[in-house]
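In case you want the letters, here they are:
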Amino acid sequence: MKKKIVILGAGESGTGSAILAERKGYDVFVSDKGSMQDKYRKELEANNIDFEEGKHSVDRLITADLAVKSPGIPENAEAVRALADRGIEVISEIEFAGRFTTAGKICITGSNGKTSTANLVYDILKRAGLKVALAGNIGHSFARQVATGSYDYYVIELSSFQLDGMYDFRAEIAVLLNITPDHLDRYDNNFQEYIDSKFRIIRNQSDMDYFIYWADDPVIQRELSLREPKARLLPFSDEGSEGMAGYIENDNLSLSIHNKTEKIMTIHDLALKGRHNTYNSMAAAIAGKILYIRNEIIRESLADFQGVEHRLETVIAVHGINFINDSKATNVNSSWYALECMTTKVVWIAGGIDKGNDYSQLHSLARDKIKAIVCLGKDNNKIIDAFKGLVPTIVETRSMPEAVKSAYYLASTGDTVLLSPACASFDLFENYEDRGRQFKEAVRNL
C-alpha cells in the first residue's frame with residue numbers, strides 16, 4: 001500500500017514537494033488554507049495530484065503517514081498541531097527533498113546577505129562547469145529540482161523557517177553569515193530561539209564537512225563557545241589573518257584553505273560594493289576554494305557579478321536624484337547595511353509589518369545621513385516614535401506611488417531616495433518582490 005503524505009501549503013515549496021512525492025510513489029494530498037495561484041493549481045491538476053484550497057480538512061490530514069509543511073505556516077497553526085498531537089511526523093520541504101538526493105549541498109543562512117551569497121556561490125560553481133542548481137528560499141524549490149533534474153551540487157538558501165523543520169538533513173558545506181534579531185514575532189520574541197534555529201544549519205555535520213562563518217559576529221562567537229561543531233571550521237573576518245580562512249589584508253581578499261594562503265583579488269574590484277558585500281564575497285570565495293575551483297574563476301565571478309534584484313539595486317536617476325531599490329531589506333540590520341553604504345544624503349522610504357524591530361541601532365546613521373523619512377505602511381507609529389527629533393522631516397504614505405512622489409519632492413539634486421523598508425511587506429504588498437517592482441514602476445513614472 002502507498003504511504004500517505006499531506007503537503008500543507010501549495011506555493012512553490014508545497015507544489016515542488018507534491019511533485020517529488022508523487023514521483024516517489026506516495027499517495028499525495030495538498031491542502032492550502034488560502035487561495036492557490038493559478039500556475040500551481042494547474043501543475044497539481046496536470047500531475048493528477050489531489051488538493052484542496054480555502055481550508056484544512058483536519059479529519060483527512062490526520063490519516064497521513066507523513067506531513068510536509070511549507071515554511072510560511074507557523075508551528076502553532078491548528079492543522080500542524082493536529083498532526084503533531086497524533087504523532088505524525090511534520091517536516092520541511094528541505095528535509096523531505098534531502099532524503100532523495102546524494103548530491104553535495106552547500107547551504108547558506110544568516111539574517112542578511114544569504115540571497116547575494118547563494119547567487120555568488122552558484123555563479124562560481126556554474127562558471128567552473130559544475131552541474132549545479134540554485135534552490136531553497138530562492139528560485140525553484142529544492143524538492144522540485146530533486147524531482148525534475150540531476151545535479152552534482154545544490155546551492156540552497158535557507159531561512160530560519162526552513163531550518164526549523166530539518167532533522168536528518170546534512171549540509172556538506174554550511175555557511176552562516178550573521179545573526180541579528182529578525183522574525184521575533186514567530187519566535188515568541190525570544191532571540192535565543194531564533195539563534196538556535198539558525199544553528200540548525202550545522203546539525204548532522206561530520207568532520208568531513210565544512211562550516212564557514214563570520215568570525216566577527218558576537219552572537220556567532222558566543223554560541224560557538226557553547227557548542228562543539230564537528231565540521232572543519234572556516235571563519236572569515238576583515239581584521240587579521242590568524243586562524244582565518246578568509247580575511248582582508250592591504251585591501252586584498254586573501255584565503256587560507258587546504259594549507260595554502262593566496263591573495264585572490266583587491267576588494268576594489270569586487271562587483272558588489274559595501275562592507276557587508278565584502279563579507280558575502282569572502283564567504284562565497286571560501287566555498288569555491290573548498291571545491292578546488294581555480295582562483296581565476298572565483299575572481300571573474302566576484303568581479304562580474306550583476307547582483308540580486310531588490311537588493312541595493314540602482315533604478316535610475318531623476319533630475320540628479322538617485323533611486324535605489326532595497327526592498328529585500330525586511331529587517332533593521334539589513335537596512336543598517338544599506339544606509340551605511342550611502343555616500344549622499346538619504347530620503348529613506350521605510351515601513352510595513354514590524355517584526356519586533358529595535359530601530360535604536362539606526363540612530364547614529366539617521367543623524368548623519370537621513371534628511372527625511374517617508375513611512376510606507378498601515379501602521380507607522382513605531383518608526384515615527386523611533387526617529388522623532390532625530391530626522392527633521394517624517395511623512396506618512398499608504399501607497400507606493402504616493403511614497404515615491406513624496407520622496408522625490410523631499411530630495412535635492414545629488415541625494416539618494418532609498419527604499420529599504422526594514423519591515424515585511426504583507427500589509428500593502430504581496431511580498432518584497434511586488435513591493436520592489438512597484439517602486440521601480442513608480443520611479444519610472446515620475
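Reading the values: the criteria
Residues numbered from 1 in each chain as written. Predicted model: local features only at pLDDT ≥ 70, side-chain atom pairs only at ≥ 80, totals over all residues. Heavy atoms only, no water. Buried < 20%, exposed > 50% of the residue type's maximum accessible area, 1.4 Å probe, protein only. Helix = DSSP H or I, 4+ residues; strand = E, 2+ residues; numbered from the N terminus. Pairing = 2+ DSSP bridges. Salt bridge = Lys/Arg side-chain N within 4 Å of Asp/Glu carboxyl O. Core = buried A, V, L, I, M, F, W, Y, C linked by side-chain atoms within 4.5 Å. Contact = heavy atoms within 4.5 Å. Phe/Tyr/Trp six-rings, centres within 6.5 Å; stacked < 30°, edge-to-face > 60°. Axes fitted to C-alpha atoms, helices over the stretch in contact; angles between N-to-C directions.

A.B. asks: Even after reading the chapter, I still don't get the pairing of strand S13 (residues 252-257), so can you show me in this structure?
C.D. replies: Taken residue by residue, a regular strand's side chains alternate between the two faces of the sheet. Burial analysis of S13 places five of its six residues in the buried class, which makes it a mostly covered element. Inspection of the sheet shows strand S12 (residues 246-249) paired to S13 by four bridges, in the antiparallel sense. Residue Glu249 lies in a different strand from S13, and its bridge partner there is Asn252. Where S12 hands over to S13, the hairpin turn is made up of two residues, of which Asn250 adopts a positive phi near 55 degrees. Note: S13 against strand S14 (residues 260-266), six bridges, orientation antiparallel. The partner of Ser254 across the bridge, within S14, is Lys263. The hairpin formed by S13 and S14 contains two residues between the paired strands, and His258 there has a positive phi angle of roughly 55 degrees.

A.B. asks: What's the story with the pattern of salt bridges in this structure? I'm lost.
C.D. replies: Side chains bearing opposite charge may pair, as long as their charged atoms lie close to each other. Tallied over the entire structure, the rule returns 27 salt bridges. For the salt bridge of Asp304 with Arg127, the shortest nitrogen-to-oxygen distance reads 3.7 Å. Taken together, the positions of Asp304 in helix H12 (residues 295-304) and Arg127 in helix H6 (residues 114-127) put the pair 177 residues apart, joining distant regions of the chain. With a relative accessible area of 38%, Asp304 lands in the partly exposed category. Linked through salt bridges whose partners overlap, the residues forming this network are Asp123, Arg127, Glu300 and Asp304.

A.B. asks: So what exactly am I meant to see when it comes to the nonpolar core here?
C.D. replies: What tends to happen in soluble globular proteins is that the nonpolar side chains get buried as a cluster. In this structure, Ile5, Val28, Phe96, Phe142, Phe199 and Phe211 are the most contacted members of the largest nonpolar core, which totals 51 residues. Setting aside anything within four residues of it in sequence, one finds Phe142 in contact with Glu93, Ile94, Ala97, Gly98, Thr101, Lys105, Ala135, Gly136, Tyr154, Ile156 and Phe169. Listed in part, the 44 residues of the second largest apolar core include Ile173, Ile212, Ile264 and Leu270.

A.B. asks: Could you clarify how one ought to interpret the packing of aromatic side chains in this entry?
C.D. replies: To describe a pair of aromatic rings, you give the distance between the ring centres and the angle between the ring planes. The tally for this structure, following the rule as stated, stands at 14 aromatic pairs. With centroids separated by 4.9 Å and ring planes inclined at 75 degrees, the aromatic side chains of Phe142 and Tyr154 adopt a geometry described as edge-to-face. Residue Phe142 is found in helix H7 (residues 142-148), and its partner Tyr154 is found in strand S8 (residues 153-157); the two are separated by 12 residues along the sequence. Assessed through its relative accessible area of 1%, Tyr154 is described here as buried. Ring centres of Tyr151 and Tyr154 lie 5.5 Å apart, and the angle between their planes is 65 degrees; on these two criteria the pair is classed as edge-to-face. Judged by relative accessible area, which is 27%, Tyr151 ranks as partly exposed. One aromatic cluster is present, built from ring pairs that chain together Phe142, Tyr151, Tyr154 and Phe169.

A.B. asks: Just to check I follow, could you spell out the sheet that holds strand S19 (residues 393-397) for this structure?
C.D. replies: Whenever strands of a sheet pair, they do so through backbone hydrogen bonds, lying parallel or antiparallel. Read across the open sheet, the six strands follow the order S15-S16-S20-S17-S18-S19; overall the sheet is mixed. Strand pairing shows two members of the sheet lacking a second neighbour, strand S15 (313-318) and S19, which therefore form its edges. Strand-to-strand twist in this sheet, taken as the mean axis angle between neighbours without regard to direction, amounts to 20 degrees. Across four bridges, the pairing between strand S16 (residues 321-325) and strand S20 (residues 416-419) is parallel. The partner of Ile324 across the bridge, within S20, is Leu418. On the sheet, helix H13 (residues 332-341) packs against strand S17 (346-350), strand S18 (370-376) and S20 and is oriented at approximately 165 degrees with respect to S17. Against the sheet, helix H16 (residues 400-410) makes contact with S15, S16, S17, S18, S19 and S20, and its axis sits at roughly 165 degrees relative to S18, the strand it touches most.

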